[in-house]
Amino acid sequence: METVTPRPRPTISDVAVAAGVSSATVSRVLNGGHWVSEKARAAVEEAVRSTGYTANHSARSLVTGKANSFAFLLAEDTALLFSDPTFSNLLRGATQALARRSMTLVLLVAGSEPERDSARRYLASGHVDGVMLISSHQSDRLIESLTAAGVPTVVCGVPLGREADAAWVAVDEAGSAKEMVRYLRSRGHRRIALLAGPQDTSGGLFRLQGFREEMGPDFDPDLVEIGDWGLRSGVAGMSRILARGKPVDAVFAASDAMAAGAIRALRQAGLRVPDDVAVAGFDDSGLAEELDPQLTTMRQPWADLSEQMVTLLCELTSGEVPRHVTLPTTLVVRDSA
């Protein structure tokens, strides 16, 4: 019987030879790519593929004391992960950003208090090197408990009450809402309703703040309803606004899902979109193009948000001080407004 000799496992040195760079450069690319040129990064990534190199994470953990993984912690009900493309976009971007660094992503969903307690215990036990905290609410106190346990944490969105000392990545919430109001007004709309998000989140709070400021004396609290980002809350909120009997010629929803709910409620009331009432959303996460009519919305830079969260978390785990990053959104005009 012929004996087959196993092929030796490729090493960092093998990758360095294939890429034409030093082993130190390969190591830097595998650990986040700091201080490496794009040409060298591309050469190393191609050499990793051609040699079949995979990092020995167990051995690395013993040497460095690190798990070489980050957690993606969603502080919402599990159903939202699958029903709201906002979260799947962030998850996909984070997975890709970590893969480029040869790191692993651990997904945790903590929408209830028992789930949050379980997540806190797991994360404080050192199973991951850091946490990307998604859709945190001021009331859930997750950021406080994680930082108190010494777990490096980056928040997606401004952590209310911890704006100065926590690391976070967000979009310009208030400025984006103002831009949408200016656009709707430029189309001749004056009686603009708002379906706002939860007020214990920065997205909910600051989008309402920007809307109120831009509306100025035309702001009418009777044309504002608070939802939970979901489609059903958009239906309910729009129905309550219509029931008050005040004229409405446009609706700005703080999420595309709530905008979809608004369209459904308007149609149930016998109103046409956009002929009778224009509707605009926020996110452009994929749902906007699937609606009929297609939705005018504020596009969030999903890939950049995820990449920046991973970058800031790598900095924190390397001992650097927390930073804040604010990214712009883009107005996408379609048929609904």
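As shown above, the structure is provided for reference.
Values in this document were obtained by computation on a predicted structure and should not be read as measured data.

Asks: Mind showing me how you'd approach the packing of helix α6 (residues 85-99) against helix α14 (residues 302-317) here?
Replies: A pair of packed helices can be characterised by two numbers: the angle between their axes and the separation between those axes. At a minimum axis separation of 8 Å, α6 and α14 run at an interaxial angle of 50°. Between α6 and α14, the angle is such that the two are oblique. In this structure, α6 meets α14 at a crossing whose hand is right-handed. Residues T86, N89, L90, G93, A94, A97 and L98 of α6 touch α14, and the partners they reach there are W302, L305, S306, E307, M309 and V310. Residues that form the contact of α6 with α14 fall into these classes: eight nonpolar, four polar and one charged.

Asks: Which parts of the structure should I look at to understand the sheet that holds strand β4 (residues 153-156)?
Replies: Think of a sheet as strands paired side by side through backbone hydrogen bonds, with each pair either parallel or antiparallel. One open sheet holds the six strands; their spatial order is β2-β1-β3-β4-β5-β11, and the pairing between them is parallel. Strands with a single pairing partner mark the edges of an open sheet, and in this sheet they are β2 (104-109) and β11 (324-327). When strand polarity is set aside, the average angle formed by the axes of neighbouring strands in this sheet is 15°. Pairing analysis gives three bridges linking β4 to strand β5 (residues 167-171), with the strands arranged parallel. The residue bridging V155 from the neighbouring strand is W168, located in β5. On top of the sheet, α14 reaches β1 (69-74), β3 (130-134), β4, β5 and β11; it is set at about 170° to β5, its chief contact.

Asks: Got a minute to help me understand the environment of S112 in this structure?
Replies: When you line up the elements, S112 lands in the loop between β2 and α7 (113-124). Overall, S112 belongs to the partly exposed group, its relative accessible area being 29%. Between the C-alpha atoms of S112 and V273, which are 161 residues apart in sequence, the distance is 37 Å.

Asks: Looking at this model, I keep getting lost on the packing of aromatic side chains. Mind explaining?
Replies: Pairs of aromatic rings are described using the distance from one ring centre to the other and the angle between the two planes. Tallied over the full model, the rule gives one aromatic pair. Taking the centre distance of 6.2 Å and the plane angle of 70° together, the rings of F211 and F219 count as edge-to-face. Here the guanidinium or amino end of R207 rests over the ring plane of F282, the centre of that ring lying 3.7 Å away. If you follow R212 out to its NZ or CZ, it ends over the ring of F219, 5.2 Å from the centre.

Asks: What am I meant to see in helix α9 (residues 173-186) here?
Replies: Taking 1.5 Å per residue as the helical rise, α9 with its 14 residues ought to reach 20 Å, and the 20 Å between its terminal C-alpha atoms agrees with that figure. E173, A174, S176, A177, M180, V181, Y183 and L184 are the residues of α9 that are buried. With a side-chain oxygen positioned 3.0 Å from the backbone nitrogen of G175, the residue opening α9 is D172. A positive phi of about 95° marks G188, the residue just after α9.

Asks: Honestly, the pairing of strand β10 (residues 296-299) in this entry has me stumped. Any pointers?
Replies: Within a regular strand, the side chains alternate between the two sheet faces. Pairing of strand β9 (residues 278-283) with β10, which is carried by four bridges, proceeds in the parallel orientation. What sits directly across from A280, in β10, is T296. Judged from the three bridges that link them, β10 and strand β12 (residues 330-332) form a sheet pairing that is antiparallel. Within β12, the residue paired with R299 across the bridge is T330.

Asks: Is there a simple way to think about the pattern of salt bridges in this case?
Replies: Under the defined criterion, the tally for this structure stands at 23 salt bridges. R41 serves as the salt-bridge partner of E38, at 3.6 Å between the closest nitrogen and oxygen. Of this pair, E38 and R41 both sit in helix α3 (residues 38-51), three residues apart, which is roughly one turn of the helix. Under the relative-accessibility criterion, E38 is labelled exposed at 56%.

Here is what the cut-offs are and how they apply
- Residues numbered from 1 in each chain as written.
- Predicted model: local features only at pLDDT ≥ 70, side-chain atom pairs only at ≥ 80, totals over all residues.
- Heavy atoms only, no water.
- Axes fitted to C-alpha atoms, helices over the stretch in contact; angles between N-to-C directions.
- Helix = DSSP H or I, 4+ residues; strand = E, 2+ residues; numbered from the N terminus.
- Parallel < 35°, antiparallel > 145°, perpendicular 65-115°, else oblique.
- Left-handed = near helix turned anticlockwise from the far one by under 90°.
- Contact = heavy atoms within 4.5 Å.
- Nonpolar A, V, L, I, M, F, W, Y, C, P; charged D, E, K, R; others polar.
- Pairing = 2+ DSSP bridges.
- Buried < 20%, exposed > 50% of the residue type's maximum accessible area, 1.4 Å probe, protein only.
- Phe/Tyr/Trp six-rings, centres within 6.5 Å; stacked < 30°, edge-to-face > 60°.
- Lys NZ or Arg CZ within 6 Å of the ring centre and 35° of its normal.
- Expected span 1.5 Å × (residues − 1).
- Polar contact = N/O pair within 3.5 Å; in protein donor to acceptor, adjacent residues only side chain to side chain.
- Salt bridge = Lys/Arg side-chain N within 4 Å of Asp/Glu carboxyl O.

Taken by themselves, the reported measurements are silent on function.
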